[in-house]
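Overview (structure and organization)
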Amino acid sequence: MKTISVKREGRRWYVVLSCDGVPAQTLPATGAVAGIDMGVASLVTTSDGRHLANPRHLATSADRLAEAQRDLTRKKRGSKRRRKAVVRVAALHAKVRRQRLDSAHKAALALVGDYDVMVHEDLRIANMTRSASGTLEAPGRNVAAKSGLNRSILDAGWGVFLTVLAHKAESAGRELIAVNPANTSRTCSRCGHCAQENRVTQAEFACVACGHTAHADVNAAINILRAGLALRQAAGAA
Ligand SMILES: [Zn+2]
């Protein structure tokens, strides 16, 4: 044991332990590889069609948080009611953080157990192209993305997920590859035709060239996997 610290978050107390020389827990090879698409309706969709961590409960908390923040702005400065509203906003922020971390851990654990190599979008590039192409402006109907706050909460979930995944992958001896996600959502994973029109809705992909149809996130995850394996092969050949 290296350090023990006690932390308070609102009305909750936490003990944080950090240890030195924790042995890595290498997992046996599975022979499986996966591309990972990070989205709004599901936190993670894999190239073999798995949908992990539906962040709907997170969206619900985000709505409550937005409401609590609006409520806070209406309270008079220095009033007892305002103090109460501040506590409520902080508690909801903490709840969102816990839910986000929990989904990230569960999804990452499932992936690391099943795949030797995982390819994901490079988030720094993804965030730029996403805001430019606006794919998040039309999220699935199931997820409330009413406010910018709501969306930013879901966005932050991807960063937390990738951080957790990187830690677990390293400990398990798994390989992670980050790729440029440009065009992965609008390119046909069967024939390679790239067009905005291929994307029918947030969830539906239909190639205008070859007629291939697929779940849009699965199609994107297959393209992500392919890009990652190509990078890996190029690195191996060099
Ligand atoms: Zn096609």
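The structure we're discussing is the one just above.
Before going into details, it helps to say that this report is about the structure given with it.

Each value, and the rule that gives it
Residues numbered from 1 in each chain as written. Predicted model: local features only at pLDDT ≥ 70, side-chain atom pairs only at ≥ 80, totals over all residues. Heavy atoms only, no water. Core = buried A, V, L, I, M, F, W, Y, C linked by side-chain atoms within 4.5 Å. Buried < 20%, exposed > 50% of the residue type's maximum accessible area, 1.4 Å probe, protein only. Helix = DSSP H or I, 4+ residues; strand = E, 2+ residues; numbered from the N terminus. Contact = heavy atoms within 4.5 Å. 1 Å grid on protein atoms, 1.4 Å probe; cavity = no way out; pocket = protein on both sides within 12 Å on 5 of 7 lines; lining within 4 Å. Points joined across faces, edges and corners; volume = space filled by probe spheres on them. Nonpolar A, V, L, I, M, F, W, Y, C, P; charged D, E, K, R; others polar. Pairing = 2+ DSSP bridges. Axes fitted to C-alpha atoms, helices over the stretch in contact; angles between N-to-C directions.

1. Overview of the nonpolar core
- In this structure, Ile36, Met38, Val44, Leu111, Met118, Phe161 and Leu165 are the most contacted members of the largest nonpolar core, which totals 22 residues.
- Elements represented by at least two residues in this core include exactly strand E3 (33-38), helix H2 (80-114) and helix H4 (148-172).
- Counting residues per element, this core draws most heavily on H4, at 7 residues.
- Leaving out residues up to four positions away in the same chain, valine 44 has contacts with Ile36, Asp37, Arg50, His51, Leu52, Leu111 and Phe161.
- Core analysis: the second largest hydrophobic core is formed by 8 residues, Leu58, Ala68, Ala85 and Val89 among them.

2. Regarding empty space enclosed by the protein
- For the structure shown, the criterion picks out 1 cavity of 30 Å³ or more.
- What the largest cavity holds in volume is close to 90 Å³.
- In terms of lining, the largest cavity is formed by 14 residues, of which the most central are Leu43, Pro55, Leu58, Ser103 and Gly157.
- Contributing elements (two or more residues each) for the lining of the largest cavity: helix H1 (56-73), H2 and H4.
- The greatest single-element share of the lining of the largest cavity, amounting to 4 residues, is contributed by H2.
- For the lining of the largest cavity, the per-class residue count stands at 7 nonpolar, 6 polar and 1 charged.

3. Things to note about the sheet that holds strand E7 (residues 175-179)
- The 5 strands lie next to each other as E5-E4-E3-E6-E7, forming an open sheet whose pairing is mixed. The open sheet has two edge strands, strand E5 (51-52) and E7, and neither has a second partner.
- Relative to E5, strand E4 (residues 44-46) runs antiparallel, the two being bridged by 2 bridges. Opposite threonine 45, over in E5, you have histidine 51 as the bridge partner.
- Strand contacts of helix H5 (residues 216-237): E3, E4, E5, strand E6 (117-121) and E7, with the helix running at about 125° to E3, the strand carrying the most contacts.

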